[in-house]
Amino acid sequence: MTQSTAPPPADPNVSIARLHGEACYWCGSAHSTLTPAGSVTTPVGGGQRLWFIVACEWHSKRRPR
Ligand SMILES: [Zn+2]
């Protein structure tokens, strides 16, 4: 049993707008077609918070890892 299906941790420098799915997770674009791109996690007290991120049309095939 591995944890390969668990969402990866978010880049600690990523902006909150990107975690909220309001802008592309990779480039921050909010002016293109944004599509779901999986999820990442950030550490919170007592566990992890799951965020559903989006990607712009250029990063639509990219996934967090
Ligand atoms: Zn992008």
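Residues numbered from 1 in each chain as written. Predicted model: local features only at pLDDT ≥ 70, side-chain atom pairs only at ≥ 80, totals over all residues. Heavy atoms only, no water.

Caption draft 1: The overall build of the chain, seen in detail. Of regular secondary structure, the chain possesses 1 helix and 2 strands. Shown N-terminal to C-terminal, the secondary structure of the chain runs as helices and strands in the order α-β-β. Radius of gyration (C-alpha) of the chain: 12 Å, near the 11 Å computed for a compact globule of 65 residues. Relative to its 65 residues, the chain shows a buried fraction of 34%. Counted over contacts in the chain with a minimum sequence separation of 6, partners at least 24 positions apart contribute 49%. Surface exposure of the chain reaches about 4,600 Å², of which carbon and sulfur atoms provide 54%. (Helix = DSSP H or I, 4+ residues; strand = E, 2+ residues; numbered from the N terminus. Rg over C-alpha atoms; globule rule 2.2 N^0.38 Å. Buried < 20%, exposed > 50% of the residue type's maximum accessible area, 1.4 Å probe, protein only. Contact = heavy atoms within 4.5 Å. Areas by Shrake-Rupley, 256 points an atom, 1.4 Å probe, with all protein chains shown as cover.)

Caption draft 2: The arrangement of the coordination of the zinc ion in detail. Coordination of the zinc ion by the protein is provided by Cys24 (SG), Cys27 (SG), Cys56 (SG) and His59 (ND1), with metal-donor distances spanning 1.9 to 2.4 Å. Here the zinc ion binds 4 donor atoms, and the angle range of 101 to 120° at the metal identifies the geometry as tetrahedral. Between consecutive donors of the zinc ion, the numbers of intervening residues give the motif C-x2-C-x28-C-x2-H. Of this pair, cysteine 27 sits in the loop between helix H1 (16-19) and strand E1 (35-44) while histidine 59 sits in the segment after strand E2 (47-55); the two residues are 32 residues apart in sequence, bridging distant segments of the chain. According to the relative accessible area criterion, cysteine 27 is partly exposed, its value standing at 36%. (Donors = N, O, S within 2.8 Å, 3.2 Å for Na, K, Ca; no water. Tetrahedral: all angles 85-135°; square planar, octahedral: opposite > 155°, others 65-115°.)

Caption draft 3: Local environment of the packing of aromatic side chains. If you walk through the whole model with that rule in mind, you get 1 aromatic pair. Above the plane of the ring of tryptophan 51 lies arginine 49, whose end atom (NZ or CZ) is 3.9 Å from the centre. (Phe/Tyr/Trp six-rings, centres within 6.5 Å; stacked < 30°, edge-to-face > 60°. Lys NZ or Arg CZ within 6 Å of the ring centre and 35° of its normal.)

Caption draft 4: Layout of the side chain of threonine 42. Residue position: threonine 42 is located in strand E1. Among the polar contacts listed, one links the side chain of threonine 42 to the side chain of tryptophan 51, at a separation of 2.8 Å. Beyond its immediate stretch of four places on either side in the chain, threonine 42 contacts Ala10, Leu19, Gly47, Gln48, Arg49 and Trp51. (Polar contact = N/O pair within 3.5 Å; in protein donor to acceptor, adjacent residues only side chain to side chain.)

Caption draft 5: Here's a closer look at the pairing of E1. Relative to E2, E1 runs antiparallel, the two sharing 8 bridges. Bridge assignment links threonine 35 to a residue of E2, and that residue is alanine 55. A loop of 2 residues connects E1 with E2, the two strands running antiparallel in sequence, and glycine 46 in this loop sits at a positive phi of about 85°. (Pairing = 2+ DSSP bridges.)

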